[in-house]
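Breakdown of the fold
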Amino acid sequence: MEQDIRLMKGNEAMAEAAIQAGIDAYFGYPITPQSEVPEYLSREMPSRGGVFLQAESEVASINMVYGAAGAGARVMTSSSSPGYSLMQEGVSYIACAQLPCLLVNVNRGGPGLGTIQPSQGDYFQATKGGGHGDYRLIVLAPSSVQEMADFVFLGFELAEKYRTPVLMLSDGAIGQMMEKVVFNHKPLPKTEKPWATTGKKEGKHRSIITSLFIQPEVMEKVNIELNKKYAEISKNEVRLEEIHTEDAEYIIVAYGLSARISHKTVELARAKGIKAGLVRPITLYPYPYDRIGELANKAKKMMTMELNAGQMVEDVRLAVNGKIPVGHYGRLGGIIPSPEEVLENFEKFIKE
Amino acid sequence: MTEEIIIAGFGGQGVLSMGQTLGYASMVEGKSVTWMPSYGPEMRGGTANCITILSDEEISSPIISVFDTGIILNQPSMDKFGPKVKKGGLIVYESTTILHASDRKDIEIYAIPAAEAANQMKNTKIANMILLGAYLERKPVVGIDSIIEALKKVLPERYHHLLELNRNALLKGQELIRSVSKN
């Protein structure tokens, strides 16, 4: 059989994967640098099935996602930083109501309206809350166009397995760049959703979707249930990639676009005789604390490379727990450093 | 083989589509490709560029600061990217509009009057394909047939009558670079 190989933008690959993964509905509002997603879906979904709806705002989009997910639909939305911020109230409600859905943030520079250039400034928002209350999202960080497609499938699989929203945290560069992408994913069968509000028929129990639990005792039970689920997710779903870590003395930790840049930095460092390695967290929640802690037993220093002022570095410090020095290098405002620039600063950090 | 290319010019000169076509053709030949466009405010009225990387191996960083080849279509891009071509590298530029080429002696520089040639072919939009043909004559990273194959896939069917024109433009570029001397 001839393989389905295409040259696509990350945003387009994600949209195509969403259709192939069998989404029933997409609700969204255009914003650079992710507008190719609604563009693609608005063109394709009318003939290939499913509801495409451009809402009046991001607040409306996320609440439509909430409603559709509650009714058992396989549903997603996508946006970029300022737009994703607008959705946070709804994300918190969905997490509390324990509904599966896929959210995508194609990160651009901020704070505020910021810039349309790539950034990783939304790491804290993605992994430490975003909305109010005690909840977590599974956070996937693609670093290639292929993964933009793959993680749509993985995202829905995990969302439906754990009945939780999954966030794909990408960035403007991964969204806008083109690479080869192979579509050979196993179909995602529809899962049973006995909790969905599909109408109470004779002999069927009442399904109630809510995030309001006014009695503290009831609320606490919900909190405990949520946290059991998060513990289970932490145990089962940590994903990471390691490059040249076997004998690495100096390790860069980076995700998404930064991991691609740092991969080349590591190759350049190796060519200069520096025993460098790369750890790429694929899940930002659950975070690979254990493995990074283990690597800190052998390595001499670790540095994160992030397109922000130093956010994930806090998680690396937690993982390393004081065993070795941990540093950070990053550029801000939508500036992307070259592998050479990262190497220069990595070497400076090594010599410190 | 890894070839790291910057293609830069004004918006509307077909800079981004050159990179895409090259990328698609490489993919047809089984290579890895990354194509990274500028999409910032400079796109709106100023310069456009794309970094295109072709390789037999997996490509790590899609963002790079120095290049094997520059295909340059306007003066600001020549000034910006001329110094960023690796020693021993190549610049192919549109010499109808660019008056001051880089004066570097450690790289090969070819002046291709692509806009003028396109005018003679009665389609000014084909200048980018003339430059691409010139580049591929000097560095045959992909075959002309693969480029045509790529265009067949990239262009909607209603434009397929233009495939022949594109082939002629590529051949024109190949012919031009053979007749001009470097630097």
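Whatever comes next refers back to the structure up there.
Notes on the structure in this doc start here. (Residues numbered from 1 in each chain as written. Chains lettered and ligands numbered in written order. Predicted model: local features only at pLDDT ≥ 70, side-chain atom pairs only at ≥ 80, totals over all residues. Heavy atoms only, no water.)

**With respect to the overall build of chain A**
Note the following rule: Counting from the N terminus, the helices are the DSSP runs of H or I reaching at least four residues and the strands are the DSSP runs of E reaching at least two. Two things to know: the radius of gyration comes from C-alpha atoms, and the globule rule equals 2.2 Å times the number of residues to the power 0.38. Accessible area is worked out with a 1.4 Å probe on protein chains only. A residue is then buried under 20% of its type maximum, exposed over 50%, and partly exposed in between. Every residue pair with non-hydrogen atoms within 4.5 Å of one another is taken to be in contact.
The number of helices and strands found in chain A is 13 helices and 14 strands. By the compact-globule yardstick of 20 Å for 352 residues, chain A fits well, its C-alpha radius of gyration being 21 Å. Taken along its principal axes, the extent of the C-alpha atoms in chain A is 70 × 50 × 45 Å. Residues classed as buried in chain A amount to 59% of the 352 residues present. Long-range pairs, those at least 24 residues apart, make up 79% of the contacts in chain A with a sequence separation of at least 6.

**A closer look at the interface of chain B and chain A**
The following threshold applies: Buried area counts how much accessible surface, traced with a 1.4 Å probe, disappears from two parts once they are put together, with both parts' losses summed. Should a side-chain nitrogen of Lys or Arg be within 4 Å of a carboxyl oxygen of Asp or Glu, the pair is scored as a salt bridge. N or O atoms within 3.5 Å of each other form a polar contact, as long as, within protein, one can give a hydrogen and the other can take it, and as long as residues adjacent in sequence are counted only when both atoms are side-chain atoms. For this classification, the nonpolar set comprises Ala, Val, Leu, Ile, Met, Phe, Trp, Tyr, Cys and Pro, the charged set comprises Asp, Glu, Lys and Arg, and every other residue, Gly included, is treated as polar.
Taken together, the contact pairs 23 residues of chain B with 26 residues of chain A. Both faces considered, chain B and chain A share a buried interface measuring about 1900 Å² in area, 65% of it formed by carbon and sulfur atoms. Applying the counting rule to chain B against chain A returns one salt bridge. Between K264(A) and E4(B) there is a salt bridge, with its nearest N and O atoms 2.9 Å apart. Summed over the shared surface of chain B and chain A, the result is six residue pairs in polar contact (both at pLDDT 80 or more). For the side of chain B that touches chain A, the secondary-structure elements that each account for two or more residues are α1 (15-28) and β2 (32-37) of chain B. With five residues, β2(B) is the single largest residue contributor to the side of chain B that touches chain A. Classifying every residue of the side of chain B that touches chain A by side-chain character gives 13 nonpolar, seven polar and three charged.

**Describing the pattern of salt bridges**
Residues and elements named next belong to chain A. Scanning the entire structure with this criterion turns up 33 salt bridges over all chains. Linking R48 and E16 is a salt bridge whose minimum nitrogen-to-oxygen distance equals 2.9 Å. In this pair, R48 is assigned in helix α2 (residues 36-48) and E16 in helix α1 (residues 10-20), connecting sequence segments 32 residues apart. On the basis of relative accessibility, which here comes to 0%, the residue E16 falls in the buried class. Put simply, K235 and E232 hold a salt bridge, and the shortest N to O gap is 3.9 Å. In this pair, K235 and E232 both sit in helix α9 (residues 216-236), three residues apart, roughly one turn of the helix.

**Looking at the packing of aromatic side chains**
Residue and element names in this part refer to chain A. Spelled out, the test is: In summary, the pairing rule links any two rings of Phe, Tyr or Trp, Trp by its six-membered ring, whose centres are within 6.5 Å, and it sorts them by plane angle into stacked for under 30 degrees, edge-to-face for over 60 and tilted for everything else.
Scanning all chains against the criterion turns up five aromatic pairs over all chains. Judged by centre distance (6.3 Å) and plane angle (90°), the ring pair of Y66 and Y93 falls under edge-to-face. Of this pair, Y66 sits in helix α3 (residues 58-70) while Y93 sits in helix α5 (residues 88-97), placing them 27 residues apart in sequence. Between the aromatic rings of Y123 and Y255, the centroid separation amounts to 5.7 Å while the plane-to-plane angle is 40°, which identifies the pairing as tilted.

**Considering the sheet that holds strand β3 (residues 47-55) of chain B**
Stated formally: Two strands qualify as a pair provided DSSP detects at least 2 bridges between them. Throughout, an axis means a line fitted to C-alpha atoms (over the contacting stretch in the case of helices), and angles, computed between N-to-C directions, take values from 0 to 180 degrees.
Judged by pairing direction, the sheet is mixed, and its eight strands sit side by side in the order β1(A)-β8(A)-β2(B)-β3(B)-β1(B)-β4(B)-β5(B)-β6(B) without closing on themselves. In the strand order of this sheet, the two ends are held by β1 (4-9) of chain A together with β6 (108-112) of chain B, each with one partner. With direction set aside, neighbouring strand axes in the sheet form an average angle of 20°. Along the sheet, helix α7 (residues 145-162) of chain A makes contact with β1 and β8 (178-183) of chain A, crossing β8(A) at roughly 40°.

**Details of the nonpolar core**
Counted only if it meets this: To qualify as a nonpolar core, a set must consist of buried Ala, Val, Leu, Ile, Met, Phe, Trp, Tyr and Cys residues joined through side-chain atoms within 4.5 Å. Each domain's extent was defined by an automatic or database domain assignment.
One finds M14(A), M76(A), V152(A), V253(A), I292(A) and M302(A) to be the most contacted residues of the largest nonpolar core, which totals 132 residues. No other element matches the 11 residues that α7(A) contributes to this core. Taken domain by domain, the makeup of this core includes at least three residues from each of domain 1 (4-236) and domain 2 (241-351) of chain A. Look past the residues within four positions of M302(A) in its chain and what remains in contact with it is I251(A), V253(A), I292(A), L295(A), A296(A), V316(A), V320(A), I324(A), P325(A), V326(A), G327(A) and F349(A). Judged by nonpolar contacts, the second largest core, of 44 residues, contains M18(B), L90(B), I130(B) and L176(B).

**Here we look at the pairing of strand β14 (residues 326-330) of chain A**
One ladder, built from five bridges, connects strand β13 (residues 301-306) of chain A with β14(A); its direction is parallel. Pairing of E306(A) across the sheet is with G330(A), part of β14(A).

**Describing the environment of P325(A)**
The residue P325(A) is located in the loop between α12 (313-320) and β14 in this model. Once residues lying within four places of it in the same chain are set aside, the contact partners of P325(A) are K300(A), K301(A), M302(A) and F349(A).

**A word on unusual backbone geometry**
Residues and elements named next belong to chain A. Cis geometry is adopted by the peptide bond preceding P33, which originates at T32 and carries an omega value of 5°. Here P33 is to be found in the loop between β2 (25-28) and α2. Cis rather than trans, the peptide bond between G110 and P111 has omega equal to 5°. Mapping P111 onto the fold places it in the loop between β5 (101-107) and α6 (123-127). In this structure, R163 is a non-glycine residue whose phi angle is positive, near 50°. As for its placement among the helices and strands, R163 is situated in the loop between α7 and β7 (165-171). Of note, N321 is a non-glycine position whose phi angle comes to about 55°, a positive value. Along the polypeptide, N321 turns up in the loop between α12 and β14. Note on N321: relative accessible area 62%, which makes it exposed.

Geometry only, nothing functional implied.
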